[in-house]
Amino acid sequence: MILTRRNRVIGDPVLLMLAALLAGLGIAMIYSAGQLDVPSSTRGIWLRQLIWLAVALVALAGASQVPLRIIKWLAPWVYGGSLLLLGLALAVGVGPNGSWLDLRVARLQPSEVAKLGTILMLARELTDGKDRYTRLSKLWRPVAIVFIPLALVMLQPDLGSTIIFGAMLIAALFWAGVPARRILLLVTPVLSLLLGFNWVLWGIWFILVVAVLYFDRGYMIESAGVVLANFAAGVIGPRLWDSLAEYQQNRLLVFVEPSADPLGGSWQLIQSKVAIGSGGLLGAGFAQGPQKRLGFVPAQHTDFIFSVVGEELGFVGVLVFLVLFGALFWRLLRVAIEAGDDYGSLIVFCVFAVLLAHMAINIGMTIGLVPLTGLPLPLVSYGGSFLLVSCIFIGMVQRVVYER
C-alpha cells in the first residue's frame, strides 16, 4: 500500500522523487545534446529548460495545494481558457506550424494546456454522469469535450497531439466503466479512416464491422450510426491525406519504407537508429556521442533526445530510463486504483495514459516502431510548455494522495 497516514500529509514522496529524477536527468541530456562540434544554437538551451523546471516546480507545489472540489469547479474555466488559447494559436501562432503563442518572455504551446483542461473537464463529465453511458448514443458529451480541442489541434496541424487526445478519450471512458464493446464500436471509424487509403482493406474491415453489429444486436439507430460513420470515414480518408502538410505525409511514408529517401525524409529516422545502435552496452560516454556531436540527428534535444540517451549511455542507460518511467507509471496507476474520490481517480488515470502514450510514441518513433509524430519524452525532452503541464499533473496527483 502506498497511501499511508504519512502520505496524507506529504502526498506520495516516491512519485515526487521519480519525477524530479527524470526531470534532472532530462536537464543533463539536454545539456549533452547542445555539446556539438558544429555550429548550433542549442549549446546553452539547457539553461532555459532549467528556468522552466524552476517555474514548473512552483506550479507543481501550487497544484498540490488546490482541493479537488476546487479543481472540479475550475474545470470548465480551464477547459474554456485552453480552447481560447488554441484559437489564438490558429490566428496569431508562431513557429513552424503556428503551434506556439509568443509571450515575449517565453513561448507557450496551447495544445499542452488543452491536455490539462480536457482531462479536468472530461473527468468532471464522466464522474457526474457515468450512469448515463451504457448506450453508445449517450457518449456524445465526452466525445464532444475531446473532439473540440482535437479538431483545433488538427488544424494547426499537430498530428502527435491529436493522437494523444484520442488516447485520452479511450482511457477516460475505460476507467469510467463504459462497456468495452461500446468503446470499440466508438473507435471503429478511426480504423476506417486509416484503412480508407486501400479500398480492399477498407472493404474487408467494413464487412467485419457490419457483421459485429449484426451479432451484437444493439439498438438499430446506434448500429446505423456506426455503419454511416465508418462509411464516411472510408470516403474521407484519401481526402484527409491530401490535406496533410507535406512533412506529415513524408513522416508516414518514411514509416512504411524507411529506405525510400535516405537523404531526405528518412534521414532523421536512419540517423536516430544508427545513434542508438552504436551505443552498445555502456555507450560512448556522456556528451561524447559521435552522431550527436556532428549534429546528424535533427531535433536531438527535443523529440529525438532518446537517441542521445542510447548513443551516450548505451543499453544500461536506456534500461535505467525505462525502469524509472516504469516505476513512475506503476505509482500513478496505484494512486488511481486506491484513490477514494472518483473524480481524482479519473484525473490520475488520464495523467497516467497521457504520459504513457507520450513515452511509448516518442521512444517508438526514434527506433522506427511508430511514425514520426513530434511528441516529446515526458520530463526529459526540451520544451517548457509540456514540462510545466507535466509538473502540474504530478502536483494534482499529489493532491489526490493527500485527500485520500
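Residues numbered from 1 in each chain as written. Predicted model: local features only at pLDDT ≥ 70, side-chain atom pairs only at ≥ 80, totals over all residues. Heavy atoms only, no water.

Some details on the overall build of the protein
No. 1: Broken down by element type, the protein carries 16 helices and two strands.
No. 2: Per-residue burial over the protein gives 50% buried out of 404 residues.
No. 3: Taking all contacts inside the protein whose residues are at least 6 apart in sequence as the whole, residues at least 24 apart take part in 72%. (Helix = DSSP H or I, 4+ residues; strand = E, 2+ residues; numbered from the N terminus. Buried < 20%, exposed > 50% of the residue type's maximum accessible area, 1.4 Å probe, protein only. Contact = heavy atoms within 4.5 Å.)

Remarks on the pattern of salt bridges
No. 1: Enumeration according to the criterion identifies seven salt bridges in this entry.
No. 2: Residues Asp12 and Arg331 are paired through a salt bridge, measuring 3.0 Å at the closest nitrogen-oxygen approach. Placement of Asp12 in the loop between helix 1 (7-10) and helix 2 (13-33) and of Arg331 in helix 14 (residues 305-338) is noted, with a sequence separation of 319 residues between them.
No. 3: By relative accessible area, which is 0% here, Asp12 ends up buried.
No. 4: For Arg334, the salt bridge goes to Glu338, with nearest N and O atoms at 2.8 Å. Pair noted here: Arg334 and Glu338 are both in helix 14, with a separation of four residues, about one helical turn.
No. 5: Judged by its relative accessible area of 18%, Arg334 falls in the buried class. (Salt bridge = Lys/Arg side-chain N within 4 Å of Asp/Glu carboxyl O.)

Considerations on the nonpolar core
No. 1: Of all hydrophobic cores here, the largest spans 98 residues; its most connected members are Leu332, Ile347 and Phe393.
No. 2: The dominant element in this core, judged by the number of residues it contributes, is helix 15 (residues 342-366), at 15 residues.
No. 3: If we skip the residues at most four places from it in the chain, Leu332 touches Leu15, Val348, Val351, Phe352, Leu355 and Val397.
No. 4: Ala275, Val297, Phe304 and Met365 belong to the second largest nonpolar core, which has five residues in total. (Core = buried A, V, L, I, M, F, W, Y, C linked by side-chain atoms within 4.5 Å.)

Topic: the packing of aromatic side chains
No. 1: In the structure shown here, the tally under the stated rule is nine aromatic pairs.
No. 2: Here the aromatic rings of Trp175 and Phe349 are separated by 4.1 Å at their centres, their planes lie at 5°, and the arrangement is stacked. Pair noted here: Trp175 is in helix 7 (residues 159-175) and Phe349 is in helix 15, with a separation of 174 residues, a long-range link.
No. 3: The exposure class of Trp175 is partly exposed, given its relative accessible area of 27%. (Phe/Tyr/Trp six-rings, centres within 6.5 Å; stacked < 30°, edge-to-face > 60°.)

Notes on the side chain of Ser390
No. 1: Structurally, the position occupied by Ser390 is in helix 16 (residues 384-403).
No. 2: Excluding anything up to four places from it in sequence, Ser390 contacts Leu355 and Leu379.

Observations concerning the confidence of the model for the protein
As a general rule, the predicted coordinates of low-pLDDT regions are not to be interpreted in detail.
No. 1: With 88% of its residues at a pLDDT of at least 70, the protein reaches an overall mean of 85.
No. 2: Confidence drops under pLDDT 50 across residues 1-9; counting only partners more than four residues distant or on other chains, this segment forms 20 contacts. (pLDDT = per-residue confidence, 0-100.)

Regarding the packing of helix 5 (residues 110-128) against helix 16
No. 1: Where helix 5 meets helix 16, the closest approach of the two axes is 8 Å, and the angle between their N-to-C directions is 25°. With respect to helix 16, the element helix 5 is oriented roughly parallel. Residue-level inspection shows Glu112, Val113, Lys115, Leu116, Ile119 and Leu120 of helix 5 in contact with helix 16, the latter providing Ser385, Phe386, Val389, Ile392, Phe393 and Met396.
No. 2: Residues that form the contact of helix 5 with helix 16 fall into these classes: nine nonpolar, one polar and two charged. (Axes fitted to C-alpha atoms, helices over the stretch in contact; angles between N-to-C directions. Parallel < 35°, antiparallel > 145°, perpendicular 65-115°, else oblique. Nonpolar A, V, L, I, M, F, W, Y, C, P; charged D, E, K, R; others polar.)

Let's talk about helix 8 (residues 180-195)
No. 1: With 16 residues, helix 8 should cover 22 Å at 1.5 Å per step; its first-to-last C-alpha distance of 22 Å lies within 8% of that length.
No. 2: When we look at burial in helix 8, the residues that qualify are Arg182, Ile183, Leu185, Thr188, Pro189 and Ser192. (Expected span 1.5 Å × (residues − 1).)

Notes on the layout of surface pockets
No. 1: Looking at the second largest pocket, its volume works out to about 1,100 Å³.
No. 2: Lining the second largest pocket are 45 residues, and of these Trp100, Gln109, Thr302, Asp303 and Tyr382 sit closest to its centre.
No. 3: Counting residues per element, the ones that place at least two in the lining of the second largest pocket are helix 3 (45-63), helix 5, helix 7, helix 11 (246-256) and helix 16.
No. 4: Among the elements that make up the lining of the second largest pocket, the one with the highest residue count is helix 3 (six residues).
No. 5: In the lining of the second largest pocket, the residues fall into 23 nonpolar, 16 polar and six charged. (1 Å grid on protein atoms, 1.4 Å probe; cavity = no way out; pocket = protein on both sides within 12 Å on 5 of 7 lines; lining within 4 Å. Points joined across faces, edges and corners; volume = space filled by probe spheres on them.)

Looking at unusual backbone geometry
No. 1: At Ala287, a residue that is not glycine, the phi angle is positive and equals roughly 70°.
No. 2: Assignment of secondary structure puts Ala287 in the loop between helix 12 (267-278) and helix 13 (290-293).
No. 3: According to the relative accessible area criterion, Ala287 is buried, its value standing at 9%.
No. 4: Located in the positive-phi region is Ala299, a residue other than glycine, with phi close to 55°.
No. 5: With respect to the helices and strands, the residue Ala299 is situated in the loop between helix 13 and helix 14.

What about empty space enclosed by the protein?
No. 1: As enumerated under the stated definition, the model contains two cavities of 30 Å³ or more in all.
No. 2: Estimated volume of the largest cavity: approximately 50 Å³.
No. 3: Around the largest cavity, the lining comprises 10 residues; the ones closest to its centre are Arg182, Leu185, Asp216, Glu222 and Ser223.
No. 4: Where the lining of the largest cavity is concerned, the elements lending two or more residues are helix 8, helix 9 (199-216) and helix 10 (220-243).

Comments concerning a nonpolar patch on the surface
No. 1: There is a patch of nonpolar side chains on the surface, built from Leu281, Leu282, Phe315, Val316, Leu319, Val320 and Val323 and spanning about 670 Å² of accessible area.
No. 2: Mapped onto the elements of the fold, Leu282 is located in the loop between helix 12 and helix 13.
No. 3: For Leu282, a relative accessible area of 60% gives the class exposed. (Patch = residues over 30% accessible without salt bridge, like charges linked within 9 Å, V, L, I, M, F, W, Y side chains within 5 Å. Areas by Shrake-Rupley, 256 points an atom, 1.4 Å probe, with all protein chains shown as cover.)

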